[in-house]
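Structural features, examined
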Amino acid sequence: MSTRNLDYLFKPTSVAVIGASTRPKSIGALVMDNLLQGGFAGPIMPVNPKYKSICGVLAYANVEQLPMVPDMAVVCTPPKTIPKIIEQLCVRGVRAVVVLTAGLNSTEGEDGRSIAEIMLSTAKSYGMRILGHNSLGLLVPGIGLNASFAHISALPGKIAFVSQSGALCTAVLDWAKPRGIGFSHFISMGNMTELDFGDVLDYLGSDPETTAILLYIESIYKNRTFMSAARAAARNKPVLAIKSGRAEEGARAAMSHTGALTSNDNVYDAAFARAGMLRVYEFEELFAAVETLGRSRRPKGERLAVLTNGGGLGVMAVDDLIEQGGTLAELSDETIKALNSVLPQTWSQSNPIDIVGDASGERYEATLRVLLDAKEVDSVLVMHCPVAVVHPTEIAQTIIEVAEEKPRSAITTCFVGDEHAAPARAMMAKANIPCFDTPLKSVQAFMHSVNYRRNQEILMELPPSMPTDFKPATSTAKLIIEGVLASGRETMSEPEAKAVLSAYGIPTVETHIAKSPMDAAKMADTMDYPVVLKILSPDISHKSDIGGVALGLKSRQDVEQAAHAILERVKEAYPKADVTGFSVQKMARRPGAQELIIGVTCDPIFGPVILFGQGGTAVEVISDRAVALPPLNMALARDLISRTKVSKLLEGYRDHAAADIDQVCLALNQVAQLIIDIPEIQELDINPLFADEQGVLVLDARIKIAPATSNGSERLAIRPYPQDLESTFTLNQGGTFAGRKVFIRPIRPEDEPNHHVFLSKLTPEDIRFRFFGLVQQLPHSQMARLTQIDYDREMAFIATADNDVHEQETLGVVRVFTDPDNEKTEFSIVVRSDLKGTGLGRELLHKMIKYCRYRGTQTMVGQVLSENHRMLNFVKTLGFKVTGHVEANIVEVELQLKEA
């Protein structure tokens with residue numbers, strides 16, 4: 001992940017075309033034509049030894065003869081020529097190349113490596129950035145750059161379109177231009193040999209000329225760089241994605257239910273949502289979503305009121321809304337009373353609000369004002385179908401006037417029809433109000449806003465504390481797993497799996513192992529009847545499917561008879577199965593408990609994935625599940641639960657009490673921590689997991705393991721909380737706080753409330769020195785950015801300790817934000833005003849310097865007010881040097897982190 005040298009690619013001042021041609025319809029000819037016709041202001045230099053000139057431009061025989069070093073080169077020559085050309089360009093000092101040539105992976109070079117591998121190796125050694133290979137090219141309409149062989153140019157605009165498919169690029173260009181849709185960047189990624197989605201997202205996320213980013217994704221190769229860049233970009237502007245290949249090709253051949261259920265597409269859904277992105281399913285919907293999200297009037301909630309002059313239109317809109325998971329606003333008595341005062345008695349008296357077909361502009365205005373003032377309404381969809389007595393433009397003008405008076409109100413409009421309605425839709429577009437021509441498109445637009453808002457809220461939600469601060473017995477779990485691996489097995493027995501879960505604090509039913517029917521009977525006698533008997537075999541995953549489970553056994557004789565009967569059934573169904581014995585467990589009596597499933601599988605792209613849903617023997621038939629990427633917190637776990645149908649049952653109904661949702665969330669967090677800590681776990685099934693008002697209880701569990709090839713956090717798409725960076729420090733002698741022990745650790749989202757308190761205890765001078773101005777209180781959105789960090793590219797260490805009433809309080813914080821190239825990091829530090837001189841500030845900054853050196857960061861910089869002499873003297877003692885003034889009263893200090 002890097003933005004190094006991307007300005008040469010996206011803001012070139014000169015371009016060379018290697019393989020330029022005059023041959024009609026050749027790639028070299030098309031690229032030259034597009035560059036010359038696009039209005040690019042800089043030099044365009046064709047390179048081809050066959051021509052003196054191309055398209056009236058002086059041509060050069062080779063790269064060495066170019067009169068200047070181009071910022072960017074476009075290469076469209078045969079595969080075998082690519083390695084030499086790339087090397088020549090590197091030596092010449094070119095830092096950005098677009099490779100249009102296809103087939104580099106399948107063509108071998110002289111040393112046996114593919115042409116793509118040779119090209120990448122050479123480019124990396126020189127720091128060259130490569131777009132492609134197999135790319136359609138690149139368009140930046142704002143600077144007149146069309147370095148592509150597309151059949152049509154792009155209009156300038158504020159949307160960036162980034163696609164892995166060249167064919168889709170041409171289709172989108174063809175579709176967008178007649179509709180007046182323009183682009184800041186139009187990028188065909190090709191095979192992403194060097195430049196990938198993460199690099200481009202990092203660049204576009206901070207590009208002021210881009211207000212929204214649209215992605216067409218076929219596959220992602222670097223999961224963590226994609227997630228980090230997507231999350232960072234989505235905090236700044238809307239990021240929308242289309243992912244192809246949605247259809248399931250069949251259940252994956254896996255041991256567990258989880259492996260069979262977790263389709264790749266579900267995982268992409270989870271990843272996009274976790275990054276704060278919005279997923280859509282076709283490119284017309286993509287641009288409609290951009291239009292909606294680009295408006296300033298975003299709904300404050302999810303409750304929609306539908307205002308229409310046609311009852312049928314309103315009913316269609318409501319049907320579409322409910323089908324897409326939307327919420328229809330329920331009108332209060334106060335709102336209905338207000339509507340009765342402005343509408344005829346024949347109006348619908350409910351939502352949708354049908355104000356009768358002959359409704360005038362005045363009636364629309366009065367109704368719209370009431371709905372916008374209603375506390376139970378978050379957004380209004382205003383619909384109009386053509387009628388003879390009122391022209392649509394009159395209604396449009398009314399809506400515009402109301403919207404101008406209430407600029408914060410969320411309004412979506414729908415003018416159905418064609419010729420008669422077109423002028424009204426044009427008025428809406430000019431007034432920057434979303435407008436569509438069908439109820440479905442209108443509702444989709446509203447739901448885009450709702451879903452985007454949901455994803456953004458998840459991105460910045462303050463997670464509640466866990467109901468208990470669980471401390472897993474990780475070493476115990478690891479010993480069990482090491483023992484199983486040492487025995488040559490991949491599948492843990494049910495009791496072994498339960499022992500691992502118990503080590504992480506997940507309640508499990510008492511379970512013992514018996515070798516024979518007689519042993520099972522003896523074991524049952526030591527337990528409270530009734531008991532459950534299950535076959536133990538590494539070859540049998542779903543025991544109940546072949547009659548390998550016996551429930552409610554009330555005596556020794558019942559157990560022994562059931563064991564023999566199970567053996568007979570297993571012998572008939574799986575004659576070659578390796579039967580190792582039985583598990584005997586207490587019969588869990590939890591009437592009314594919901595049967596759930598919690599599972600883990602390893603996705604080939606995003607790594608470990610957690611599944612939650614309705615469990616039991618019919619889990620695949622019911623198919624009620626949702627997936628999430630670890631790590632989790634309580635808020636993310638609750639969101640995962642909410643995306644299933646069984647969540648409604650967990651809330652309680654009729655005579656069924658609500659389940660303890662916090663305990664279900666805790667179990668999800670415990671499973672997430674388990675797979676972070678123990679990379680040997682490949683698949684996990686807890687099914688069923690009982691959940692009721694008493695909590696949760698594991699009845700059955702399976703775990704599949706394999707020797708670890710990496711540590712637990714490396715295989716995750718999102719870097720988890722780095723527990724290994726925790727430490728303690730004793731405040732220096734002297735003063736009130738002498739000898740006090742403090743805990744220094746990476747910041748967590750749960751720290752937000754204490755962070756507010758911490759800032760409130762700073763003196764005005766300390767606040768001014770830290771924020772370069774007086775800040776009374778930071779809003780949640782800004783505080784979330786400070787506490788919910790991406791540990792892959794940011795770090796913040798906080799010092800905490802117990803106060804007089806034994807509650808944790810924040811004493812100081814140091815943070816850095818590192819550029820994507822890991823070259824430069826900017827630090828900031830603040831310690832509570834009454835703790836100056838205790839050595840805490842020095843310890844925090846020293847710890848951060850050590851951390852950045854470990855990561856290989858080259859330079860640490862910071863900005864300090866010129867009058868903050870104490871800070872300037874402090875950082876100088878740690879090796880920082882003043883490098884100059886950023887502004888008249890702000891100096892920059894710098895520390896070279898690379899030690900000799």
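Look up: the structure comes first, before these words.
Predicted model, so just to flag it, every value in this text is computed and none were measured.

Next up on the list: the pairing of strand β15 (residues 303-308). Where burial is concerned, most of β15 is hidden: 5 out of the 6 residues are buried. Looking at chain direction, β15 and strand β16 (residues 327-328) are connected through 2 bridges and run parallel. Residue pairing across strands places Leu304 opposite Leu328, the latter belonging to β16. Taking the sense of rotation as the criterion, the β-α-β connection linking β15, helix α11 (residues 311-323) and β16 turns out right-handed. Here β15 runs beside strand β18 (residues 379-384); their pairing, made up of 4 bridges, is parallel.

The N-to-C vectors of helix α12 (residues 333-340) and helix α13 (residues 361-373) enclose an angle of 165 degrees; their axes lie 10 Å apart at closest approach. By the angle between their axes, α12 is roughly antiparallel relative to α13. With respect to the hand of their crossing, α12 and α13 are arranged in right-handed fashion. Residues Thr335, Ala338 and Leu339 of α12 form the contact with α13, whose participating residues are Thr367, Val370 and Leu371. Looking at the contact of α12 with α13 residue by residue, the classes come out as 4 nonpolar, 2 polar and no charged.

Taken in spatial order, the 8 strands make up an open sheet running β31-β32-β33-β34-β35-β36-β38-β37, and their pairing is mixed. Either end of the sheet is taken by a strand with one partner, and the two such strands are β31 (727-730) and β37 (881-887). With direction set aside, neighbouring strand axes in the sheet form an average angle of 25 degrees. Inspection of the sheet shows strand β36 (residues 859-865) paired to strand β38 (residues 890-896) by 7 bridges, in the antiparallel sense. Considered in β38, the bridge of Thr859 is made with Gln896.

For the rest of this paragraph, the subject is the sheet that holds strand β23 (residues 549-553). Spatially, β21-β24-β22-β23 is the arrangement adopted by the 4 strands of the open sheet, whose pairing is antiparallel. With one partner strand each, in any of the chains shown, β21 (511-514) and β23 form the two edges of the open sheet. Each strand of the sheet is rotated relative to its neighbour by a mean of 20 degrees, with strand direction disregarded. Inspection of the sheet shows β21 paired to strand β24 (residues 581-586) by 4 bridges, in the antiparallel sense. Directly across from Ile513, in β24, lies its bridge partner Ser583.

What follows deals with the packing of α11 against helix α16 (residues 439-460). Where α11 contacts α16, the axes come no closer than 9 Å and their chain directions differ by 40 degrees. Relative to α16, the element α11 is oriented oblique. Helix-helix and strand crossings are classified by hand; for α11 and α16 the assignment is right-handed. Facing α11, whose interface residues are Leu313, Met316, Ala317, Asp320 and Leu321, α16 presents Pro439, Leu440, Val443, Phe446 and Met447. Taken together, the residues that form the contact of α11 with α16 break down as 9 nonpolar, no polar and 1 charged.

Helix α6 (residues 197-205) sits mainly inside the fold: 9 of its 9 residues count as buried. Within α6 the residues assigned to the buried category are Phe197, Gly198, Asp199, Val200, Leu201, Asp202, Tyr203, Leu204 and Gly205. Among the residues of α6, the N-terminal cap falls to Asp196, whose side-chain oxygen and the backbone nitrogen of Gly198 are separated by 3.2 Å.

Turning our attention to the environment of Gln456. Here Gln456 lies in helix α16. For the pair Gln456 and Arg274, spaced 182 residues apart in sequence, the C-alpha to C-alpha distance is 8.9 Å. Setting aside chain neighbours within four positions, we find Gln456 in contact with Ala234, Arg235 and Gly276.

By the definition in use, this model includes 0 disulfides. In this model Cys76 remains outside any disulfide bridge; the closest cysteine sulfur is found in Cys55, 12 Å from its own.

A few words now on helix α28 (residues 840-855). With 16 residues, α28 extends 23 Å between its outermost C-alpha atoms, agreeing within 8% with the 22 Å of an ideal straight helix rising 1.5 Å per residue. Taken as a whole, α28 has its buried residues at Leu840, Gly841, Leu844, Leu845, Lys847, Met848, Ile849, Tyr851 and Cys852. Backbone geometry just downstream of α28 places Gly856 in the positive-phi region, at approximately 90 degrees.

Attention now moves to the side chain of Glu376. In this fold, Glu376 is placed in the loop between α13 and β18. Arg303 is the oppositely charged side chain nearest to the buried, salt-bridge-free Glu376, at an N-O distance of 6.5 Å. Among the polar contacts made by the side chain of Glu376, one reaches the main-chain amide nitrogen of Ser332 at a distance of 2.9 Å. Setting aside its immediate chain neighbours within four residues, Glu376 contacts Arg303, Ala329, Glu330, Leu331, Ser332 and Thr335.

By size, the foremost hydrophobic cluster in this structure holds 64 residues, and its most contacted members are Leu9, Met72, Leu215, Phe226 and Phe606. Of all the elements, helix α7 (residues 223-234) adds the most residues to this core, at 6 residues. Once residues lying within four places of it in the same chain are set aside, the contact partners of Phe226 are Phe197, Gly198, Leu201, Leu215, Ile217, Ile220, Phe272 and Met277. Grouped together as the second largest cluster of nonpolar side chains are 50 residues, Ile747, Tyr791, Phe797 and Leu897 included.

This part is about the packing of aromatic side chains. By the definition in use, this model includes 11 aromatic pairs. On the numbers, 4.8 Å between centres and 40 degrees between planes, the contact of Phe10 with Tyr203 is tilted. Of this pair, Phe10 sits in helix α1 (residues 6-10) while Tyr203 sits in helix α6, placing them 193 residues apart in sequence. On the accessibility criterion, Tyr203 (9% relative accessible area) is buried. Where Tyr268 meets Phe606, the ring centres are 5.2 Å apart and the plane angle is 90 degrees; that geometry is what we call edge-to-face. In this pair, Tyr268 sits in helix α9 (residues 264-274) while Phe606 sits in the loop between β25 (594-603) and β26 (607-614), placing the two residues 338 residues apart along the sequence. A single burial state applies to Tyr268 and to Phe606, both of which are buried. Pairwise contacts between aromatic rings join Phe197, Phe226, Tyr268, Phe272 and Phe606 into one cluster. Geometry around Phe797 places Lys847 over its ring, the cationic atom sitting 5.1 Å from the centre.

As a further point, take unusual backbone geometry. Along the chain, Pro630 connects to Pro631 via a cis peptide bond; the corresponding omega equals 0 degrees. Structurally, Pro631 is set in the loop between β27 (625-628) and α22 (634-642). A cis amide bond, omega 5 degrees, links Asn687 with the succeeding residue Pro688. Structurally, Pro688 is set in strand β28 (residues 681-692). Positive phi values are uncommon outside glycine, yet Cys55 reaches one of about 55 degrees. Topologically, Cys55 is positioned in the loop between β3 (53-54) and β4 (57-58). Positive phi outside glycine occurs at Arg654, with the angle close to 45 degrees. Looking at where Arg654 falls in the secondary structure, it is placed in the loop between α23 (646-650) and α24 (661-677).

A full pass over the atoms with the stated rule returns 34 salt bridges. For Asp202, the salt bridge identified is with Arg793, shortest N-O distance 2.8 Å. Here Arg793 lies in the loop between α27 (780-787) and β33 (794-802) and Asp202 lies in helix α6, a separation of 591 residues in the sequence. Accessibility expressed as a relative area gives 10% for Asp202, which makes it buried. Owing to a relative accessible area of 8%, Arg793 belongs among the buried residues under this scheme. One salt bridge connects Arg303 with Asp378, and the closest N-O pair in it is separated by 2.9 Å. Remark: Asp378 occurs in the loop between α13 and β18 and Arg303 occurs in strand β15; sequence separation between them is 75 residues. According to the relative accessible area criterion, Arg303 is partly exposed, its value standing at 33%. Where salt bridges share partners, they join Glu494, Lys498, Lys534, Lys543 and Asp700 into one cluster.

Criteria and thresholds
- Residues numbered from 1 in each chain as written.
- Predicted model: local features only at pLDDT ≥ 70, side-chain atom pairs only at ≥ 80, totals over all residues.
- Heavy atoms only, no water.
- Buried < 20%, exposed > 50% of the residue type's maximum accessible area, 1.4 Å probe, protein only.
- Helix = DSSP H or I, 4+ residues; strand = E, 2+ residues; numbered from the N terminus.
- Pairing = 2+ DSSP bridges.
- Right-handed = clockwise from strand over helix to strand, strands pointing away.
- Axes fitted to C-alpha atoms, helices over the stretch in contact; angles between N-to-C directions.
- Parallel < 35°, antiparallel > 145°, perpendicular 65-115°, else oblique.
- Left-handed = near helix turned anticlockwise from the far one by under 90°.
- Contact = heavy atoms within 4.5 Å.
- Nonpolar A, V, L, I, M, F, W, Y, C, P; charged D, E, K, R; others polar.
- Polar contact = N/O pair within 3.5 Å; in protein donor to acceptor, adjacent residues only side chain to side chain.
- Disulfide = S-S within 2.5 Å.
- Expected span 1.5 Å × (residues − 1).
- Lys, Arg positive; Asp, Glu negative; His and termini not counted.
- Salt bridge = Lys/Arg side-chain N within 4 Å of Asp/Glu carboxyl O.
- Core = buried A, V, L, I, M, F, W, Y, C linked by side-chain atoms within 4.5 Å.
- Phe/Tyr/Trp six-rings, centres within 6.5 Å; stacked < 30°, edge-to-face > 60°.
- Lys NZ or Arg CZ within 6 Å of the ring centre and 35° of its normal.

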